[in-house]
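Here is what each chain is made of, one letter per residue.
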Amino acid sequence: MSKIRLRTKFLLSLLAISAGLTAATLLIVSYSVQNRVRENIREELRNSVNTYRSFEKQREDALTKSAELIANLPNVRALMTTEDQATIQDASADIYKLSGSDLLILADRAGRVSGLRTGTSGLDRDTAQNLLRRSLDRGESRDWWFGGGRLYEVWVQPIYFGSTSQNTTIGLLVVGHEIDERAAKDFSNVASSEVAFRFGDIPIASTLAATQHTDFARQLAGNLTNLSGTPREIQLGAERYVVATVSLSPDVGPAVSLSVLKSLDKATSFLSGLNRGLIALGLLSVLAGSALVFLISHTFTRPLAGLVAGVRALETGDFSYPLESSGGDEVTEVTDAFVRMRAHMEKSQGEHKQLEERLRQAHKMEAVGRLAGGVAHDFNNLLTIIRGNSDLLMDREGSDNFHRRCVEQIQKAAGRAVSMTRQLLAFSRMQILQPRVIELNAIVVDMGKMLPRLIGEHIEYAFLPDSRLASVKADPGQIEQVILNLAVNARDAMPNGGKLTVMTLNVAMTQDEAIQRPPMTSGDYVLLSVTDTGHGMDEATKNHIFEPFFTTKAVGKGTGLGLATVYGVVKQSGGFIWVISSPGVGTTFEIYLPQVSGPVFRPDLEAQPAEIPNGSESVLVVEDEAGVRELACQFLRVKGYTVLDAGDGEEALEIASRHPGTIHLLLSDMVMPKMNGGVLAGKLKMMRPNIRVAFMSGYSEFSRGNVGNEFPDAPVLQKPFSPTSLVGIVREAMAEISPDRPVAAN
C-alpha cells in the first residue's frame, strides 16, 4: 500500500512539473515569437521607407531631367519670348502632354504665372501664383505644394535664352507629380503595407479603411516631432499596428509626411492556433507519459536508486562504488552500460587532461595571434613617426657626418622593426599584401638558387617552366614565402630522399573542370605546382592541412602555420589551391592564380629613388594618432601644400564647414574613433562635391579597391610611410587637378 502511495506521489509530482514546464514553454515560445514578429515588422517598415526614398530619388532625377529637356526645347523658348499669357496658356496644353506630369506651369522671369495645366481641377491660378512665389522666395527648386485640396511634389526649372552658361532667364517651368490615392495604393502594393500621406495635420491619401484612417489622423494630429522613421505601436479601433512616419519635405518647407503601417494582430494571428495545438499535444504527452511511468516504475525504482548512488559517487571521483546488476531488464542494461562507461572514463581521464591542455594551448595561441596583430598595427604608427622624423633629419641641411650616421642607424633599426612587424602580421594573418604584375618563372628561378641548399643534397630538385607563361598579380615576397613553405613541407615528407619538382603552366579551366575543384570558377589561370615523392597523406589529413596549428609532425618539429599561411596568401591573391595526395605516392600542391596583363614589376626599376614633387593645393589631414598626423602635415608643408589637420571625423567636418577656401584633397585614416574614414569621406563629398579622397591605414582589409562601395578607386597609403610615398599618394589622388587650372570651390 505504501508502495502505491509512493508511486502516486511520484505521478502527481510528474504531472505538476510537466504541466508547469509545458505552460512555461508555451509562454516563452509565444513571447519570443511575438517579439520576433515585432522586430520583423519594424525591419520591413524601415525597408519600406528606404524603398520609398529610393523611388523618390529616381523620380526626382527623372522629372528633373524631363524639366531640363522641356525647358531647352526651341518652341518653349520661343513661346516664352512672346510674353502673351493667352498664347502661352493655349500652347501649354501640348507641352503638358509632352511632360507626362500631373502639373505644368509656365511663368515669366518675374515669377508671374502665364500658363497652368493640371490633370484634375482644384488648383487655381492665384493659388499656384502664391505657391510659386513662396518657393522662389525660399530659393527651392524642389518643393511641396498644397492647394485646392491636392498635394503636389514640384520642380522649378529656369528657361534660358541661349546657352545655360549665359544665365539669361526668360521664364520658369514648373512640373509636378500629384500625391493621391492612386500613388498611395501603388506604393502600398510595393511595400505590402498600409500607407498614409499627410500635409501637416491634413490627411492627403491613404490605403486604410475609412474608420481606421479617421482614428489614425486623430492620433497623429499635431504630432510633427516624431518624423525620424522610428517604428512604434498604435491602436486603430480593435487592431494593433506598427507605424513608421518620416518627413518628406525640407525642414524649412511645409510638413509633408509619409506613414507606413503593418498590422501586428494579423501578423501574430497564427499564434492562437499554434498555442491550442501545443497545449493539446503537451497535455496528451503528459498524460501518456504519466500513465506509462505509473505502470513500470516498480520495476526500476530500486535498481535506479542504486544507479543514482553510483553516479553521485562518480561525481566525487569514486570509480569503485558497488552496483547491483541482476535480471535482464532495461535498468540492468543501463547499469551494466554505466559500469563499462565508468571503467572507460577512468581509463581515459588522463587523455581528457591532455586534450584540455591542448585546448588551452590553442586558445593561448589564438590570443597571442590577436595580440600580435594589434601590437603590430599600433607599432606601425610608432614606426611611421620614427621613420618619418629620421627622413626629415636626413634631408636637413648642415648635418655633419656624425649626426648623419646616427640617423642612418635609426633608419636601419626602423627597417628591421618594419620587418618584424610584417612577421607579426603574417603570424596573425593580417599581413598587408602589395600585389604587382609578376612573372612566376623569374621568381622560381631566383628561389632555385637557395632551394637546393634548403632541402638538402639527398633530395633532387627540378624546375619545369612554361616558356610562354602569362603574368599574374600577387605580392612577390609572399609568393616567395609560399614556395619556401611548400619546399620545406616537401623536404619533411622525404626524410630518406626523393625528388622535388616545381612546374609552371598556362591553364584554361573549363566549367566542367572547375566543378571538380570547388570553389574554383572557369577562366584562364597560371598553374604553379609543387610535387614531392614523399610519404603522402590520407583523406582525413588532407581535410585539415590548411587549418591553423594542425600538423602531423612530432612535437617541436612544426607549428602548423606553414600551410595555413600558404592558403591565406593564395586566397588574398584571388587564387585557389588544390591538393592531390595518397599514402606512399607523394603529394602535389596545385596553385591557380588568375592571368593578368600589364607591365611586369621590375625590382631594380622600383628601387630607384624618385624625386618628390612639390605642390600648392590644400589638403585636409585626419588622423587620430597625434604623432602620425603631425608628421604627415610636416611632410606636406615642406613640399608647399596648404595643410588643415583634424584629430577625428567630427572635427574634420567642422573645419571643412568653416574653411572659406577650396579643399582639394581629404587624406584620412580609415579606422578612427567616432567616425571612420569612409563615412567621413561620404559626408565631405556631400558638403564639397569636388573634393578628392585618399586614405591611409595599417590594416590589410583596407587595401586599394577594398575601401567601400563609394570609393573603390581611392588610393590607400600603407603605414609606415615615407615622404615619397605620402606625396606620391597625394599626387595620385589629385592627378586630374593642375595648379594652373581653376578648380571649383568645394
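So, a few notes on the structure that sits alongside this text. Keep in mind that what you see is a predicted model, and the values were worked out from it rather than measured. For every chain, the first residue of the written sequence is number 1, and numbering continues from 1 onward in sequence order. Totals for whole chains, interfaces and linings use every residue, but because this is a predicted model, local features are given only for residues with pLDDT of at least 70 and side-chain atom pairs only at 80 or more, for both listing and counting. In computing side-chain properties, one takes all heavy atoms of the structure into account and sets aside hydrogens as well as water.

**Section: the sheet that holds strand E10 (residues 256-263)**
Here comes step 1: Pairing between strands is defined by DSSP: at least two bridges between them are needed. Helix and strand assignments follow DSSP, with helices taken as H or I runs no shorter than four residues and strands as E runs no shorter than two, numbered in order from the N terminus. The strand order E7-E6-E10-E9-E8 describes an open sheet built from five strands, whose pairing is antiparallel. Across the chains shown, the open sheet's two edge strands, defined by having one partner strand only, are strand E7 (202-206) and strand E8 (232-236). Between one strand axis and the next, the sheet turns through 35 degrees on average, direction left out of account.
Here comes step 2: Bridge count for strand E6 (residues 194-199) against E10 is six bridges, and the pairing is antiparallel. Within E10, the position partnered with Glu194 by the bridge is Leu261.
Here comes step 3: Contacts between residues were defined by any pair of non-hydrogen atoms, one from each residue, lying within 4.5 Å. Between the N-to-C directions of two axes lies an angle of 0 to 180 degrees, each axis being a line fitted to C-alpha atoms and, for a helix, fitted only over the stretch in contact. Where helix H6 (residues 210-220) meets the sheet, its contacts fall on E6, E7, E8, strand E9 (239-247) and E10, and the angle it forms with E8 comes to roughly 130 degrees.

**A look at the packing of helix H11 (residues 440-447) against helix H13 (residues 476-493)**
Here comes step 1: Packing of H11 against H13 brings their axes to within 10 Å, and their N-to-C directions diverge by 55 degrees. Looking at the two axes, H11 sits oblique to H13. Taken as a pair, H11 and H13 cross one another with a handedness that is right-handed. On H13, the residues touching Leu440, Ile443, Val444 and Met447 of H11 are Pro476, Ile479, Glu480, Ile483 and Leu484.
Here comes step 2: Side-chain classes are defined by residue name, with Ala, Val, Leu, Ile, Met, Phe, Trp, Tyr, Cys and Pro counting as nonpolar, Asp, Glu, Lys and Arg as charged, and the others, Gly among them, as polar. Of the residues that constitute the contact of H11 with H13, the class distribution is eight nonpolar, no polar and one charged. Each angle gets one of four labels, with under 35 degrees taken as roughly parallel, over 145 as roughly antiparallel, 65 to 115 as roughly perpendicular, and the rest as oblique. Left-handed describes a crossing whose near helix is turned anticlockwise from the far helix by less than a right angle; the clockwise case is right-handed.

**So, the packing of helix H18 (residues 626-638) against helix H21 (residues 723-733)**
Here comes step 1: The interhelical angle for the contact between H18 and H21, taken along N-to-C directions, is 75 degrees, at an axis separation of 10 Å. Taken together, H18 and H21 sit at an angle that is classed as roughly perpendicular. Contacts between H18 and H21 involve Ala632, Phe635 and Leu636 from the former and Pro723, Leu726 and Val730 from the latter.
Here comes step 2: For the contact of H18 with H21, the class distribution of residues is six nonpolar, no polar and no charged.

**Comments concerning the packing of aromatic side chains**
Here comes step 1: Pairing of aromatic side chains requires ring centres within 6.5 Å, counting the rings of Phe and Tyr and the six-membered ring of Trp. Pairs whose planes differ by under 30 degrees are stacked, by over 60 edge-to-face, and all others tilted. Evaluation of the coordinates by the stated rule reveals three aromatic pairs.
Here comes step 2: Where Tyr525 meets Phe576, the ring centres are 6.2 Å apart and the plane angle is 75 degrees; that geometry is what we call edge-to-face. Here the residue Tyr525 occupies a position in strand E15 (residues 523-532), and Phe576 occupies one in strand E16 (residues 576-582), the gap between them amounting to 51 residues. Phe576 carries the same exposure label as Tyr525, and that label is buried.
Here comes step 3: Aromatic side chains Tyr525 and Tyr592 sit 6.2 Å apart centroid to centroid with 85 degrees between the ring planes, which places their arrangement in the edge-to-face category. Taken as a pair, Tyr525 in strand E15 and Tyr592 in strand E17 (residues 586-596) lie far apart in primary sequence, 67 residues in all. For every residue, the accessible area (1.4 Å probe, protein chains only) is compared with the maximum for its type, and the residue is labelled buried under 20%, exposed over 50%, or partly exposed between those bounds.

**Observations concerning the sheet that holds strand E1 (residues 103-108)**
Here comes step 1: The strand order E2-E1-E5-E4-E3 describes an open sheet built from five strands, whose pairing is antiparallel. With one partner strand each, in any of the chains shown, strand E2 (113-118) and strand E3 (142-147) form the two edges of the open sheet. Averaged over all pairs of adjacent strands, the angle between their axes in this sheet comes to 25 degrees, without regard to strand direction.
Here comes step 2: The pairing of E1 with E2 spans five bridges and is classified as antiparallel. Following the sheet pairing, Leu103 is matched in E2 by Thr118.

**Re H13**
Here comes step 1: An expected span of 1.5 Å times one less than the residue number is assigned to each helix. With 18 residues, H13 ought to run about 26 Å at 1.5 Å a step, and its terminal C-alpha atoms sit 26 Å apart, in line with that.
Here comes step 2: Of all the residues in H13, the buried ones are Pro476, Gln478, Ile479, Val482, Ile483, Asn485, Leu486, Ala487, Ala490 and Ala493.
Here comes step 3: Measuring from the side-chain oxygen of the N-cap residue of H13 to the backbone nitrogen of Gly477 gives 3.0 Å; that N-cap residue is Asp475. Between N or O atoms, a polar contact is any pair within 3.5 Å; within protein, one atom must be a potential hydrogen donor and the other a potential acceptor, and residues adjacent in sequence are included only when both atoms are from side chains.

**Focus: the environment of Leu653**
Here comes step 1: Mapped onto the elements of the fold, Leu653 is located in helix H19 (residues 649-658).
Here comes step 2: With 34 residues separating them along the chain, Leu653 and Met687 place their C-alpha atoms 8.9 Å apart.
Here comes step 3: Excluding its chain neighbours within four sequence positions, the residues that come into contact with Leu653 are Met675, Leu680, Lys683, Leu684 and Met687.

**Section: unusual backbone geometry**
Here comes step 1: With a phi close to 55 degrees, Glu83 is a non-glycine residue in the positive phi region.
Here comes step 2: Mapped onto the elements, Glu83 comes out in the loop between helix H2 (74-82) and helix H3 (85-99).
Here comes step 3: Residue Lys674 is not a glycine yet carries a positive backbone phi of 75 degrees.
Here comes step 4: Inspection of the secondary structure assignment puts Lys674 in the loop between strand E20 (665-669) and helix H20 (677-687).
Here comes step 5: On the accessibility criterion, Lys674 (64% relative accessible area) is exposed.

**Regarding the side chain of Ser135**
Here comes step 1: Relative to the helices and strands, Ser135 resides in helix H4 (residues 125-138).
Here comes step 2: Given a relative accessible area of 0%, Ser135 falls into the buried group.
Here comes step 3: Looking at Ser135, its side chain comes within polar contact range of the side chain of Trp145, at 2.9 Å.

**Brief notes about the pattern of salt bridges**
Here comes step 1: Salt bridge, as used here: a side-chain nitrogen of Lys or Arg that lies within 4 Å of a carboxyl oxygen of Asp or Glu. A full pass over the atoms with the stated rule returns eleven salt bridges.
Here comes step 2: The shortest N-O distance in the salt bridge between Arg491 and Asp492 comes to 3.3 Å.
Here comes step 3: Using a relative accessible area of 27% as the deciding quantity, one classes Arg491 as partly exposed.
Here comes step 4: With relative accessibility at 32%, the residue Asp492 sits in the partly exposed group.
Here comes step 5: Across the pair Lys674 and Asp648 runs a salt bridge, and its minimum N-O distance is 3.6 Å. One end of the pair, Lys674, is in the loop between E20 and H20; the other, Asp648, is in the loop between strand E19 (642-646) and H19, with 26 residues separating them in the sequence.

**A word on helix H5 (residues 181-191)**
Here comes step 1: For H5, the set of buried residues is Ala183, Ala184, Phe187, Ser188 and Ala191. For H5, the arc enclosing every buried residue in end-on projection is 135 degrees, short of the 170-degree limit, so these residues lie on one face. Away from its buried face, by an angle of more than 90 degrees, H5 presents the exposed residues Lys185 and Asn189. The arc in question is the one traced by the directions running from the helix axis out to the C-beta atoms.

**Points about the pairing of strand E14 (residues 498-509)**
Within a regular beta strand, the side chains point alternately toward one face of the sheet and then the other, so they alternate between its two faces.
Here comes step 1: With six bridges connecting them, strand E12 (residues 459-464) and E14 associate as parallel partners. Bridging across to E14, Glu460 finds its partner in Lys499.
Here comes step 2: Where E14 and E15 come together, ten bridges link them in antiparallel fashion. Note on E15: the bridge partner recorded for Thr501 is Thr531.

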